[in-house]
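Structure assessment
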Amino acid sequence: MSDNFDVVVIGGGPGGYVCAIRAAQLGLKTAIVEKRGALGGTCLNVGCIPAKALLQSSHLYEMAAHEMENHGIKVTPKLDLDQMIDRKEAVVKQLTQGVEFLMKKNKIKYIVGEGKVAGADKVSVKLNDGGEEVLGTENIVIATGSDVATLPFLEIDEKLMMSSTGAMEMRKVPKKLAVIGGGVIGLELGSVWNRLGAEVTVIEFLDQILPGMDGEIRKTAQRTLKKQGINFNTGTKVTAAAKTKTSVTLTMEPAKGGDAEELKVDACLVAIGRRPYTDNLGLAEAGVEMDERGFIKVDHDLQTNVAGIFAVGDVIGGLMLAHKAEEEGVAVAEMLAGQSGHVNYDVIPGIVYTHPEIASVGQTEESLKAAGIEYTSGKFPFQANGRALANGDSEGFVKILADKKTDRVLGAHIIGPQGGDLIQEVVQAMEFGGSAEDIARTCHGHPGLPEAVKEAALAVGKRAIHS
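So, a few notes on the structure that sits alongside this text. In this text, all values refer to a predicted model and were calculated from it rather than measured experimentally.

Some points on a nonpolar patch on the surface
A cluster of nonpolar side chains, L151, F153 and I272, forms an exposed patch at the surface whose accessible area comes to about 210 Å². Residue placement: F153 occurs in the loop between β6 (146-148) and β7 (161-162). Taking the relative accessible area as the measure of exposure, F153 reaches 31% and is therefore partly exposed.

Here's the deal with the side chain of E328
Mapped onto the elements, E328 comes out in helix α9 (residues 322-336). Those residues in contact with E328 that lie beyond four places of it in its chain are L302, V312, G313, I316, V343 and Y345.

Some remarks on the packing of helix α3 (residues 48-66) against helix α4 (residues 81-105)
A packed helix pair is summarised by two numbers, namely the angle formed by the two axes and the spacing between the axes. Where α3 meets α4, the axes come as close as 9 Å, and the angle between the chain directions of the two elements is 140°. With respect to α4, the element α3 is oriented oblique. As for how α3 packs across α4, the hand of that crossing is right-handed. Residues I49, P50, A53, L54, S57 and S58 of α3 pack against M84, I85, R87, K88, V91, V92 and L95 of α4. Its residues placed into classes, the contact of α3 with α4 shows nine nonpolar, two polar and two charged.

Some points on unusual backbone geometry
For the bond from H355 to P356, the omega torsion is 0°, close enough to zero to count as cis. Tracing the backbone through its elements, the reader meets P356 in the loop between β17 (350-352) and β18 (357-362). A cis amide bond links H446 to the next residue, P447, at an omega of -5°. A positive phi is found at K107, a non-glycine position, where the angle reads about 55°. Here K107 lies in the loop between α4 and β3 (109-119).

A word on the sheet that holds strand β11 (residues 236-243)
Here three strands make up an open sheet; going across it, the order is β11-β12-β13 and the pairing antiparallel. Two strands in the sheet have a free side with no partner beyond their single neighbour: β11 and β13 (261-265). The mean inter-strand angle of the sheet, taken between neighbouring strand axes irrespective of direction, is 25°.

Notes on helix α12 (residues 419-431)
The end-to-end C-alpha distance of α12, which contains 13 residues, comes to 18 Å, matching closely the 18 Å that a straight helix rising 1.5 Å per residue would cover. If you check which residues of α12 are buried, you get G419, G420, L422, I423, V426, V427, A429 and M430. In the core, the buried residues of α12 are packed alongside β17, β18, β21 (409-416), α13 (436-440) and α14 (451-460). Positioned one or two residues after α12, G433 has a phi angle of 70°, which is positive.

Quick word on the nonpolar core
In terms of nonpolar packing, the biggest core is built from 51 residues, with I32, L135 and I142 touching the most fellow members. For this core, the leading source of residues is helix α1 (residues 14-25), giving seven residues. Grouped together as the second largest cluster of nonpolar side chains are 35 residues, L81, M84, M168 and L196 included.

Some thoughts on the state of the cysteines
Tallied over the full model, the rule gives zero disulfides. Residue C19 stays outside any disulfide, its sulfur separated by 16 Å from that of C43, the closest cysteine. Judged by relative accessible area, which is 1%, C19 ranks as buried. When its relative accessible area of 12% is taken as the criterion, C43 is described as buried.

A few points about the packing of aromatic side chains
Within a pair of aromatic rings, the relevant descriptors are the distance that separates the centres and the angle that separates the planes. This structure, assessed with the given rule, holds zero aromatic pairs. Note that K29 overlies the ring of F5, its terminal NZ or CZ placed 5.2 Å from the centroid. The lysine or arginine in question, K379, covers the ring of F397, its NZ or CZ lying 4.7 Å from the ring centre.

A word on the side chain of E204
Locating E204 in the fold gives a position in strand β9 (residues 199-204). An unpaired buried charge is present at E204: no salt bridge exists, and R218, the closest side chain of opposite charge, is 6.6 Å distant. Other than its neighbours up to four places away in sequence, E204 contacts G181, G182, G183, I209, N233, T234, G235 and T236.

What to know about the sheet that holds strand β19 (residues 375-381)
Overall, antiparallel pairing links the five strands, which are arranged β17-β18-β21-β20-β19 in an open sheet. Every interior strand has two partners, whereas the edge strands, β17 and β19, have only one. When strand polarity is set aside, the average angle formed by the axes of neighbouring strands in this sheet is 10°. Bridging between β18 and β21 involves six bridges; their strand directions are antiparallel. Considered in β21, the bridge of I358 is made with I415. Running over the sheet, helix α7 (residues 215-227) touches β18, β19, β20 (397-403) and β21 and is turned about 5° from β21.

Each value, and the rule that gives it
- Residues numbered from 1 in each chain as written.
- Predicted model: local features only at pLDDT ≥ 70, side-chain atom pairs only at ≥ 80, totals over all residues.
- Heavy atoms only, no water.
- Patch = residues over 30% accessible without salt bridge, like charges linked within 9 Å, V, L, I, M, F, W, Y side chains within 5 Å.
- Areas by Shrake-Rupley, 256 points an atom, 1.4 Å probe, with all protein chains shown as cover.
- Salt bridge = Lys/Arg side-chain N within 4 Å of Asp/Glu carboxyl O.
- Helix = DSSP H or I, 4+ residues; strand = E, 2+ residues; numbered from the N terminus.
- Buried < 20%, exposed > 50% of the residue type's maximum accessible area, 1.4 Å probe, protein only.
- Contact = heavy atoms within 4.5 Å.
- Axes fitted to C-alpha atoms, helices over the stretch in contact; angles between N-to-C directions.
- Parallel < 35°, antiparallel > 145°, perpendicular 65-115°, else oblique.
- Left-handed = near helix turned anticlockwise from the far one by under 90°.
- Nonpolar A, V, L, I, M, F, W, Y, C, P; charged D, E, K, R; others polar.
- Pairing = 2+ DSSP bridges.
- Expected span 1.5 Å × (residues − 1).
- Core = buried A, V, L, I, M, F, W, Y, C linked by side-chain atoms within 4.5 Å.
- Disulfide = S-S within 2.5 Å.
- Phe/Tyr/Trp six-rings, centres within 6.5 Å; stacked < 30°, edge-to-face > 60°.
- Lys NZ or Arg CZ within 6 Å of the ring centre and 35° of its normal.
- Lys, Arg positive; Asp, Glu negative; His and termini not counted.

In structure tokens form, the structure reads like this:
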């Protein structure tokens with residue numbers, strides 16, 4: 001057995017590596033185990049970061065092809081897809097190498113291999129180079145994240161039937177692309193390939209896209225993306241898939257019952273969700289409890305039923321977001337160091353990086369009505385915002401929901417330019433228990449997109465200035 005550690009983290013994604021860094025900062029002897037061969041997890045390697053790189057590149061291509069002429073700039077763009085994919089991979093490499101540097105900087109032992117819980121105080125590692133190592137430790141943090149969810153008849157080959165990983169590696173634009181799932185991943189990658197020339201059809205089991213988001217935002221997003229050229233089959237389930245060497249034929253039928261129809265495409269992206277990654281972790285043998293869906297059960301302190309074994313991120317369920325995992329990783333590290341770690345799950349933002357961006361935090365109108373909470377809504381359109389109009393990017397709106405009696409902000413929902421950045425002002429206000437009045441009374445620079453947030457807050461009190 002190697003040297004004993006204060007904490008060993010299994011999984012090098014955002015939850016894991018951030019936990020390891022914070023633990024090391026607090027003086028804990030720390031090791032991290034990751035089998036991928038590159039730190040950063042799904043997010044940095046095959047998820048958030050490469051998707052955003054492609055979204056940015058494809059958005060610039062779309063602007064050059066269809067929007068720059070309005071600004072007096074006439075160009076005829078030529079797509080170099082190989083360069084676009086190469087740039088995405090370069091961004092990924094730079095960031096993952098940056099995380100590895102942070103391990104060295106913080107004197108964290110980084111072990112490349114498959115970690116397994118061998119008891120409450122031991123982690124065995126099957127090294128990628130063929131060897132084995134056993135780490136003694138006071139505490140173990142499981143941060144193994146999630147994997148692609150699929151159905152038995154949707155066998156992923158990453159060529160014709162793809163997960164998000166394969167959909168970000170295509171070196172040829174498909175003529176027709178089906179996207180099964182109208183959630184964040186499906187809409188972001190569907191947008192990428194739609195901009196680059198594919199005929200994209202999104203198939204969603206529910207009646208609307210973006211499950212769980214504010215109803216008005218969902219309707220507006222679907223209408224906007226349809227206007228951009230994406231086709232939608234909502235309230236539809238896929239019941240079969242037949243592959244040839246060059247195409248996929250999907251059999252679909254209404255979710256509530258009805259006649260089946262077929263859709264033949266050149267490629268298919270399966271984006272129906274993600275499942276917790278607990279394969280070969282030795283959790284059952286260690287006595288760690290999981291729920292019926294395979295998520296690890298944890299208490300308020302993110303500790304499992306086995307003392308000394310903790311879990312964070314996608315593997316424990318809830319919002320499957322990198323920043324949520326990071327917050328949990330920091331909280332565990334601080335608790336292990338004797339501090340008071342805390343995660344406020346009520347103010348974790350969710351962002352969809354389509355164009356316009358879609359961002360949400362806190363309660364929706366639907367959830368407030370279901371809970372019987374009286375609220376006031378304030379809404380402001382970007383069409384009335386000077387900076388948005390000057391930029392030629394004025395689609396969408398900001399909506400703020402506040403308690404009718406106290407004016408405390410309960411939620412906010414944005415569809416519009418830089419929505420993912422603008423939502424942070426409301427997140428901050430909510431973290432400190434702020435009111436709509438607090439946001440409305442704060443001076444915002446002019447002309448700026450954040451003024452739309454101020455105006456929405458003013459609208460809560462029916463006193464918006466510019467609408």
